[in-house]
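# A structural walkthrough
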Amino acid sequence: MLSQKTRYTIRALQHLSDTWQQGPVRLDVIAETQNIPRKFLTVILSEMVREGLVISHRGRDGGYELALAPVDVRYGDIIRLTRGSLALVPCAARNAYEHCQNCLPEAECRLRGLMLTLRDEMAAMLDKVTLADEIVVEPPFPEEPTPA
């Protein structure tokens with residue numbers, strides 16, 4: 001699962017992508033539109049400024065805007081910045097590898113092999129999709145009927 005921080009970061013960057021080249025967007029506008037707590041958004045945007053993805057403008061007409069064109073910001077990079085890795089288990093991380101606790105030796109672990117394949121497929125997909133790409137909004141799943 002993606003962390004709440006990662007989901008908030010993606011939504012904030014999507015908002016800045018939607019307003020690309022329209023000038024800085026105020027923090028309050030992003031927070032309200034994207035339903036992100038203002039305090040959390042301040043931390044997220046500060047991190048994205050440090051990472052070079054966002055520019056911060058001070059003053060009365062200040063706010064935030066993307067530092068790069070939306071086509072240059074890939075979802076895989078956003079997730080790696082906020083989560084550290086795309087892998088679902090530590091032993092399948094390419095850049096943040098850790099040996100799993102309470103596991104089989106890696107040479108015998110079929111789960112690790114599956115997770116490496118999944119990580120590579122997911123990375124290939126997420127590294128192709130940028131903030132500029134159209135993403136289809138899917139309808140919600142139908143709710144389960146409550147038992148009588």
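Above this text is the structure in question.
Residues numbered from 1 in each chain as written. Predicted model: local features only at pLDDT ≥ 70, side-chain atom pairs only at ≥ 80, totals over all residues. Heavy atoms only, no water.

## Here we look at the overall build of the protein chain
When its secondary structure is counted, the protein chain shows five helices and two strands. The C-alpha radius of gyration computed for the protein chain amounts to 19 Å, which surpasses the reference 15 Å derived for 148 residues by more than 25%, pointing to a less compact arrangement than a globule. Considering the protein chain as a whole, with its 148 residues, one finds that 34% of them fall into the buried category. The long-range share in the protein chain, meaning contacts at least 24 apart out of those at least 6 apart in sequence, stands at 59%. When the accessible surface of the protein chain is totalled, it reaches about 10,100 Å², and 54% of it is carbon and sulfur. Put simply, the protein chain has 17 plus and 20 minus side-chain charges, and the middle of one group is 6 Å from the middle of the other. (Helix = DSSP H or I, 4+ residues; strand = E, 2+ residues; numbered from the N terminus. Rg over C-alpha atoms; globule rule 2.2 N^0.38 Å. Buried < 20%, exposed > 50% of the residue type's maximum accessible area, 1.4 Å probe, protein only. Contact = heavy atoms within 4.5 Å. Areas by Shrake-Rupley, 256 points an atom, 1.4 Å probe, with all protein chains shown as cover. Lys, Arg positive; Asp, Glu negative; His and termini not counted. Charge placed at Lys NZ, Arg CZ, Asp CG, Glu CD.)

## Some points on empty space enclosed by the protein
One pass over the full model with this rule turns up one cavity of 30 Å³ or more. Empty space within the largest cavity amounts to approximately 40 Å³. Lining the largest cavity are Arg80, Gly84, Ser85, Leu86, Ala93, Arg94, Asn95 and Arg119. Residues that form the lining of the largest cavity fall into these classes: two nonpolar, three polar and three charged. (1 Å grid on protein atoms, 1.4 Å probe; cavity = no way out; pocket = protein on both sides within 12 Å on 5 of 7 lines; lining within 4 Å. Points joined across faces, edges and corners; volume = space filled by probe spheres on them. Nonpolar A, V, L, I, M, F, W, Y, C, P; charged D, E, K, R; others polar.)

## Observations regarding the packing of helix H1 (residues 4-18) against helix H2 (residues 27-34)
What describes two packed helices is the angle between their axes and the distance between those same axes. Running from N to C, H1 and H2 cross one another at 115°; their axes reach a closest spacing of 10 Å. At the point where H1 passes H2, the crossing takes the right-handed sense. The residues of H2 that touch H1, namely those facing Arg11, Ala12, His15 and Leu16, are Val29, Ile30, Thr33 and Gln34. Here the residues of the contact of H1 with H2 sort into four nonpolar, three polar and one charged. (Axes fitted to C-alpha atoms, helices over the stretch in contact; angles between N-to-C directions. Left-handed = near helix turned anticlockwise from the far one by under 90°.)

## Remarks on the nonpolar core
Counting 27 residues, the largest nonpolar core has Leu13, Leu16, Leu41 and Leu45 as its most contacted members. Put simply, the parts of the chain that give this core at least two residues each are H1, H2, helix H3 (38-50), strand E2 (63-66), helix H4 (75-83) and helix H5 (110-126). The biggest single contributor to this core is H1, with five residues. The residues contacting leucine 16, other than those within four sequence positions of it, are Val25, Ile30, Leu45, Val54, Tyr64, Glu65 and Leu66. (Core = buried A, V, L, I, M, F, W, Y, C linked by side-chain atoms within 4.5 Å.)

## Notes on the packing of H4 against H5
At a closest axis distance of 7 Å, the pairing of H4 and H5 adopts a crossing angle of 120°. The angle between H4 and H5 places the two elements in the oblique class. On the side of H4, the interface is formed by Tyr75, Gly76, Ile79 and Arg80, while H5 contributes Arg119, Ala123 and Leu126. In the contact of H4 with H5, the residues fall into four nonpolar, one polar and two charged. (Parallel < 35°, antiparallel > 145°, perpendicular 65-115°, else oblique.)

## Here we look at the side chain of threonine 6
If you trace the backbone, threonine 6 turns up in helix H1. By relative accessible area, which is 0% here, threonine 6 ends up buried.

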